[in-house]
Amino acid sequence: MVFQSLAFLQFFALVLAIYWLLRERRAQNWFLLAASLVFYGWVNPWWVLLILTTCVVDFTAARFLTDRPQQRKRWLVLSLVTNFAILCVYKYFDFFATSVAQLLDQFGIVVHPFLLKVALPAGISFYTFQSASYVVDVYRKQMEARRSLPEYILFVSFFPHLVAGPIQRANFLLTQIELPRVFDARIARNALVLILWGFFKKLVIADNAAMVVGKVFSLDEPSFPVLWAGVFAFGVQIYADFSAYTDIARGISRLLGFELCRNFDHPYSADSPQDFWRRWHISLSNWFRDYVYIPLGGSRCSLLRQCRNILLTFLLSGLWHGAAWNFVLWGAWHGALLVLWMLWAKAPEAFRPGRLPKPLRIILTFILVHIGWLMFRENSVDHLLRHLSLNPFSADATQWRMGLFFAAQTLLYAFPLYLHPAFDRWLDRHAAAQAEHFPGWRWTWACLGMAAALYLGLILLRSPASSDFIYFQF
Amino acid sequence: MKFQSRPRTELIQLLLLAGVVLGLPFLLPSGPGPDSIKPVAFDQERYDKAARRHPNVVMIGNSMLNTRVDKPLFNELALPNSIGYVAEGGTRSTVWYFSLKNFVIPLEPPPKVVFIFYRDYDFTAPWLHLEGERLETARTFMKPEDEAVLAFARKLGGVAPTSALDFYLPEQVTLNLRRRISALAIDIAAAGQGKAGDDGMQKHLNGLFDFQNLRSDVFDAGAAANDILPGESKLFTADPGENLLERFHTLAESRKIQLVFYRVKRRPDENNEVIQDAELRAYTASFKAWAESKGHVLLDETEDPRLTLSMYHDGDHLAKKAMETYTRMFLERVKPWLPLPPAPPERKP
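Model, not experiment: these values are computed from the prediction.

Notes on the overall build of chain A
At step 1: If you tally the helices and strands in chain A, you get 18 helices and 0 strands.
At step 2: Taken over C-alpha atoms, the radius of gyration comes to 23 Å for chain A, in line with the 23 Å a tight globule of 474 residues would show.
At step 3: In terms of overall dimensions, chain A has C-alpha extents of about 70 × 65 × 50 Å along its principal axes.
At step 4: Counting all 474 residues of chain A, 45% fall into the buried class.
At step 5: The long-range fraction of contacts in chain A, counting pairs at least 24 apart against all pairs at least 6 apart in sequence, stands at 73%.

Remarks on the overall build of chain B
At step 1: Across its full length, chain B carries 13 helices and 5 strands.
At step 2: Within the span of chain B, comprising 349 residues, buried residues form 35% of the whole.
At step 3: In chain B, the proportion of contacts linking residues at least 24 apart, taken out of those at least 6 apart, comes to 82%.

Topic: the packing of helix 9 (residues 224–255) of chain A against helix 14 (residues 358–377) of chain A
Packed helices, taken two at a time, are described by their axes: the angle between them and the distance between them.
Residues and elements named next belong to chain A.
At step 1: At a minimum axis distance of 9 Å, the contact between helix 9 and helix 14 shows a crossing angle of 85 degrees. Judged by the inter-axis angle, helix 9 sits roughly perpendicular to helix 14. The segment helix 9 lies against helix 14, with V231, F232, F234, G235 and I238 engaging H370, W373, L374 and R377.
At step 2: A class-by-class count of the residues in the contact of helix 9 with helix 14 yields 6 nonpolar, 2 polar and 1 charged.

Describing the environment of Y47 of chain B
Residues and elements named next belong to chain B.
At step 1: Tracing the chain through its elements places Y47 in helix 2 (residues 44–52).
At step 2: The exposure class assigned to Y47 is partly exposed, which follows from the 18 C-beta atoms found within 10 Å.
At step 3: C-alpha of Y47 to C-alpha of P106: the two residues are 59 residues apart in sequence and 9.5 Å apart in space.

Brief notes about the environment of Y152 of chain A
All names here are of chain A.
At step 1: Along the chain, the position of Y152 falls in helix 6 (residues 149–157).
At step 2: When the 25 C-beta atoms within 10 Å are taken as the criterion, Y152 is described as buried.
At step 3: Expressed as a C-alpha distance, the spacing of Y152 and F200, which sit 48 residues apart in the sequence, is 33 Å.

Some words on unusual backbone geometry
At step 1: A cis amide bond links L79 of chain B with the next residue in sequence, P80 of chain B, at an omega value of 10 degrees.
At step 2: Relative to the elements of secondary structure, P80 of chain B occurs in the loop between helix 4 (71–77) and strand 2 (83–87).
At step 3: Here the bond from E108 of chain B into P109 of chain B is cis, since omega is -10 degrees, no more than 30 degrees from zero.
At step 4: Note that P109 of chain B resides in the loop between helix 5 (93–104) and strand 3 (113–118).
At step 5: You will see that H266 of chain A, though not glycine, has its phi angle at about 50 degrees, which is positive.
At step 6: On the basis of neighbour count, H266 of chain A is assigned to the partly exposed category, with 17 C-beta atoms found within 10 Å.

Description of the sheet that holds strand 5 (residues 297–300) of chain B
Residue and element names in this part refer to chain B.
At step 1: Strand order in the open sheet made by the 5 strands is 2-1-3-4-5, with parallel pairing throughout. The open sheet terminates on both sides in strands that have one partner only, identified here as strand 2 and strand 5. Averaged over all adjacent pairs, the angle separating strand axes in this sheet is 20 degrees, with direction ignored.
At step 2: Both strand 1 (residues 57–61) and strand 2 contribute to a ladder of 5 bridges, which runs parallel. Counterpart to G61 in the pairing with strand 2 is A87.

Some thoughts on the nonpolar core
At step 1: L196, I205, A209 and A233 of chain A are the most contacted members of the largest nonpolar core, which has 132 residues in total.
At step 2: No other element matches the 20 residues that helix 8 (residues 185–216) of chain A contributes to this core.
At step 3: Within the second largest apolar cluster, 61 residues are counted, among which are A50, L156, Y283 and A322 of chain B.

A look at the packing of helix 3 (residues 46–67) of chain A against helix 6 of chain A
Residue and element names in this part refer to chain A.
At step 1: It is the contact of helix 3 with helix 6, at a shortest axis distance of 10 Å, that shows an interaxial angle of 125 degrees. The angle between helix 3 and helix 6 places the two elements in the oblique class. Crossing of helix 3 against helix 6: the hand is right-handed. Side by side, helix 3 and helix 6 meet where I51, L52, T54, C55 and F59 of the first sit next to L149, Y152, I153, V156 and S157 of the second.
At step 2: Among the residues forming the contact of helix 3 with helix 6, the class breakdown is 8 nonpolar, 2 polar and no charged.

Comments concerning the confidence of the model for chain B
Residue and element names in this part refer to chain B.
At step 1: The share of residues in chain B with pLDDT of 70 or more is 81%, and the mean pLDDT across the chain is 81.
At step 2: The least confident element of chain B is helix 10 (residues 221–227), whose mean pLDDT is 58; the most confident is strand 3, at 96.
At step 3: Taken as a whole, residues 30–37 scores under 50 in pLDDT and shows 17 contacts with residues more than four places along the chain or in a different chain.
At step 4: The complex model carries a pTM of 0.77, and its ipTM stands at 0.77.

Here we look at the environment of K49 of chain B
At step 1: Structurally, the position occupied by K49 of chain B is in helix 2.
At step 2: Along the backbone, K49 of chain B and G84 of chain B are 35 residues apart, and their C-alpha atoms lie at a distance of 8.8 Å.

Focus: the pairing of strand 5 of chain B
Consecutive side chains of a regular strand alternate in pointing toward one face of the sheet and then the other.
Residue and element names in this part refer to chain B.
At step 1: Pairing analysis gives 4 bridges linking strand 4 (residues 258–263) to strand 5, with the strands arranged parallel. Bridge pairing links Y262 to L299 in strand 5.
At step 2: The parallel pair strand 4 and strand 5 is bridged by helix 12 (residues 278–293), and the resulting crossover is right-handed.

Focus: helix 9 of chain A
All names here are of chain A.
At step 1: Helix length check: helix 9, at 32 residues, gives a terminal C-alpha distance of 46 Å against a target of 46 Å (1.5 Å per residue), a fit within 8%.
At step 2: Within helix 9, 31 of the 32 residues are buried, leaving the element largely enclosed by the surrounding structure.
At step 3: With its phi angle positive at about 90 degrees, G257 sits one or two positions after the end of helix 9.

Some details on the pairing of strand 4 of chain B
At step 1: Here 6 bridges tie strand 3 of chain B to strand 4 of chain B, and the two strands are oriented parallel to one another. Bridging across to strand 4 of chain B, Y118 of chain B finds its partner in R263 of chain B.

What counts and how
Residues numbered from 1 in each chain as written. Chains lettered and ligands numbered in written order. Predicted model: local features only at pLDDT ≥ 70, side-chain atom pairs only at ≥ 80, totals over all residues. Helix = DSSP H or I, 4+ residues; strand = E, 2+ residues; numbered from the N terminus. Rg over C-alpha atoms; globule rule 2.2 N^0.38 Å. Buried ≥ 20, exposed ≤ 12 C-beta atoms within 10 Å, placed from the backbone. Contact = placed C-beta atoms within 7 Å. Axes fitted to C-alpha atoms, helices over the stretch in contact; angles between N-to-C directions. Parallel < 35°, antiparallel > 145°, perpendicular 65-115°, else oblique. Nonpolar A, V, L, I, M, F, W, Y, C, P; charged D, E, K, R; others polar. Pairing = 2+ DSSP bridges. Core = buried A, V, L, I, M, F, W, Y, C linked by C-beta atoms within 7 Å. Left-handed = near helix turned anticlockwise from the far one by under 90°. pLDDT = per-residue confidence, 0-100. Right-handed = clockwise from strand over helix to strand, strands pointing away. Expected span 1.5 Å × (residues − 1).

Printed below as a string of structure tokens:
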């Protein structure tokens, strides 16, 4: 079930009404759990069994970790092996089997690999990481093992964020599940605006940008300006698409009395690759930092080891995104960027990146990130190499104008996305109002105006071809 | 329900916001539907062009026809027959019905044979490609009295609103706005070149996305639309309440035209085979039996081993370089159904 479908809106209206009619927290949790499983099993009921398996194994492992201190490591390993075995079978088996066959083929050994050809369960990468982090947190004694399996399953399968995150930590979401909720009209009012903004980003900005991207990437031999206009459009598409899902998920959660963590903080305002990763897919970046980078040694080791840690973390992050070489390459590219930028920051004072004016650093980061987006979008390695070797000087004036056309078309739809950081900065100036969820009629009128503008925009500018959220495939 | 203790006005504020969200769409024109769409004129020029040739054979179809048959070559090979073409990329069976009704039936004298190129289930999914800009294209094939058929086809399934916004989508307003945004982007890109620059830009853009400039490994949305049809569309029926097949027959019969339903070979696998399940085979057999019972013909090139994967470009489209070979093969296949036997090729001395 996707957020932008009529089925979901009907489903959610029903869930919201019944949920708040139930007075007891336990009843609300049971109901939310049932709703989450219905939501997840909507496309393929068998997927519910898979998520339940993950939940039961991790819940049990965490319990035994606490109850049997002498077997702590054994239970941790059991949980991690189960989690990642399921993920590997569904997501990576065919990729590795094909890759090995291709490698052997290079040496003249022809192998016809056995392929599972199974559909990837939606959100498996997200919920696997979320569930695994709970067991590791219990192992590290950062939180106590829970006693209620239904509440744990609800934590993993909570439907607003189940399919594409943000990846929640147990000490953040599970603790909210364990506490009573109250309906706050003020929060609900703001949540409605957030949901509308999410739908606007998805259906107007991302889907219209997707049409430009689809056209450009369907060309066999695009010219330099046309290709990079397409990459720019993809940058808009993926940010609008993914952040839209997060905003809708957060808005829906707020209507149910929950708060989910932020996943984006204006990533294209980043002035270094490090800064970009503090602003892009924050929940995944934090996950990799806490459960991969720091255990590898983090930055408290030699420079060489630190570089290795960064590269390894980003290679794994690339692979997390998808079982294909272009994602691995994308991860490697970002790892290399972080390493090089870090080394640059250690150069003599006069040559450090900090010496560059901030707008220049932002532009440089923007360009580097978009080179990465080309790797992310282009799944044919042959085409990727051809694209990267395009010469800007071989394009004539007409091709530059066509590139400008695609960029302008994208920008016209994405204009609100680029205004958003300034708007957020303006909101930040009203910190007191923000802390109280913007009380009073003044803010209500502002919300009404925004809601009306967003809604009209949605109805009038919505792309005729709506696609699934990009991160559904991961 | 437990409430956070807030002044009562806060609930009123929330309800006001919800009211905007629910009420705003009602201020817009209703849609989708005929009321929200300005009339698009029937393409008389297309008809005149087809009529001028006085064809005794007409071919109707979409990109399956446009990327297979090399028209100038076929015109030459099929002489003394005169061939007319009514082919528009992206169209499906409802538009083909309008093509037959409004472009072929009025021809004087009427053609003897009409070929209709199609893929697997096109005829039992008449609602396909009747939305948004495609609907505008469809209207260029329609006369005012065809609105009822269009509404019937749209109502049959696929075009019913699936998204909440579809209930409120004023199609014409949306299309106009989108065109304006596109025109503004062209203005920006062709800045300083005036109207000629804008026109030139549009021409270059059209040329850029010519079939032959597209990658062969890209997703073919047209092919996918055929593959994800609901199960009931995959059971053959000519029930007039389910599709337009009987109407095709009635029209053709009124002018004694023989219809040839020409099923194209979909993109084969590496072994040059098209995987067809039992359902599809049964469907095609039933379709063939129905066509023959009505005095028409169904030709199926799916099993033709000469059509290999190497001849395909993207999706089910053939590559330009394969069109000549295909056209000669096509002539060979359809020769028995051409009204006049094609003249043997002239031998060079």
